[in-house]
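Structural overview for review
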Amino acid sequence: MNDVCQILGTEYPIIQGAMARIAESSLAAAVSNGGGLGIIASGGYDADWLRNEIKKVRKLTDKPFGVNLMLLMPNIDELIEVVCEEKVPVVTTGAGNPGKYIKTLKEAGVKVIPVVASVALAVRVERAGADAVIAEGTEAGGHIGEIATMALTPQVVDAVSIPVIAAGGIADGRGVAAVYMLGAKGIQVGTRFVVAKECIVSPNYKAAIIKAKDTDTCATGRSTGHPIRVIKNKLAREILAIEKASSTGEEAQAAIDKVGIGALSAAVFDGDVERGSVMSGQIAGIVMKEQPAAEIIAEMFEEAKKIYVDRVSLF
């Protein structure tokens, strides 16, 4: 995994997931100080907010950090300008193909690591100059693709020559060891960092993840082409009912937009875990407690090391 650490400039080959409204300066700095790559999620915010968060991170850590760019944002050009001006070390991207932006970012000294949900996109971004790719399986929380991590990771590994970082369904050392065996050179973790002490989400949001069992998440929005994995609650069940009753994806999306407006902020900031959107991965069932981000990272890789040392017993 040394090549991922060299690309990121980190002690451990781990990236904190880019969680909208959740991943800001305090969590990003804590992850970076713990030896990983903390990420500021810029989706839904303006350029001034992003610049301020970058400055906050630099006051809290002297370690590398990154910014996630949601490519469908209407102000994406302004956000990229801020990233380049502030000389952010690493960018991860989501919600599209970053090909037309990679040259600009790399000329500014920014390393580019797109999140991909298919082999085809992984190949395209490698050709465009990406430094690595994050292969994210459908087990992940938030916006997801259709292919599971176990199936997606080795296929992406076989298709590209740049390092592959696995995401989706990873929350402990067993997950680290598993994706390493699939050919990944690093991991991205979201759900477990939501319950980090430094994470700003409401106590109710953290409690919902800690209480969750294996079957407590669902994917809403599949009929619209924009699936999102969340913890099941009143809002999620209402959205699933809307989808079932709608004759077209467009009809479903229009109805979902009405009931879901402000739902993520309601969960993150107000603690409304019934009418809010509580994004979480399927792995929530093994997330049992709140811990400092640095402790989470060290624990995961220590467990992975023990599994690796004991690998002979597997055979």
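Structure: above.
Along every chain, residues carry numbers that run from 1 in the direction the sequence is written. Where totals are concerned, whole chains, interfaces and linings use all residues; where local detail is concerned, this predicted model gives features only for residues with pLDDT of at least 70, and gives and counts side-chain atom pairs only at 80 or more. Neither water nor hydrogens contribute to the side-chain values; these are computed over all heavy atoms in the structure.

Here's the deal with the side chain of S32
This is how the line gets drawn: Helix and strand definitions here come from DSSP, where helices need a minimum of 4 consecutive H or I residues and strands a minimum of 2 consecutive E residues; each element is numbered from the N-terminal end. Polar contact is defined as a pair of N or O atoms within 3.5 Å, subject to the rule that within protein one atom must be able to donate a hydrogen and the other to accept it, and that residues adjacent in sequence are counted only when both atoms are side-chain atoms. By definition, residues are in contact when any of their heavy atoms lie within 4.5 Å.
Here S32 shows up in helix α2 (residues 25-33). Looking at S32, its side chain comes within polar contact range of the main-chain nitrogen of G38, at 3.0 Å. For S32, the side chain forms a polar contact with the main-chain oxygen of P64, separated by 2.7 Å. With near-sequence residues (within four places) excluded, S32 lies in contact with L37, G38, T61, K63, P64 and F65.

Observations concerning the nonpolar core
The following threshold applies: Among the buried residues, those of types Ala, Val, Leu, Ile, Met, Phe, Trp, Tyr and Cys that are joined through side-chain atoms within 4.5 Å form a nonpolar core. Per-residue accessibility, obtained with a 1.4 Å probe over protein chains only, is compared with the maximum for each type, and a residue is labelled buried under 20%, exposed over 50%, and partly exposed between these values.
Ranked by internal contacts, the top residues of the largest apolar core, which has 44 residues, are I14, I187, F193, Y205 and M300. Put simply, the parts of the chain that give this core at least two residues each are α2, α8 (173-181), β9 (186-189), α9 (191-194), α10 (203-211), β11 (228-231), α13 (263-268) and α14 (293-309). Broken down by element, the residue count for this core peaks at 6 residues, all from α14. Once residues within four sequence positions are removed from consideration, M300 is found in contact with I14, I170, A171, D172, G173, V176, I187, V189 and R192. With 38 residues, the next largest nonpolar core counts A47, V125, L152 and V164 among its residues.

Some points on the sheet that holds β11
This is how the line gets drawn: The pairing criterion is simple: DSSP has to find at least two bridges between the two strands. Interaxial angle, 0 to 180 degrees, is taken between N-to-C directions of lines fitted to C-alpha atoms, where a helix line uses only the stretch in contact.
In spatial order, the strands read β7-β11-β10; together these 3 strands make up an open sheet with antiparallel pairing. Where the open sheet ends on each side, the last strands, each with one partner, are β7 (142-143) and β10 (217-220). For β7 and β11, the ladder comprises 2 bridges, and the chain directions are antiparallel. Within β11, the residue paired with G142 across the bridge is R229. The sheet contacts of helix α11 (residues 234-245) involve β10 and β11, and relative to β10 the element is tilted by about 40°.

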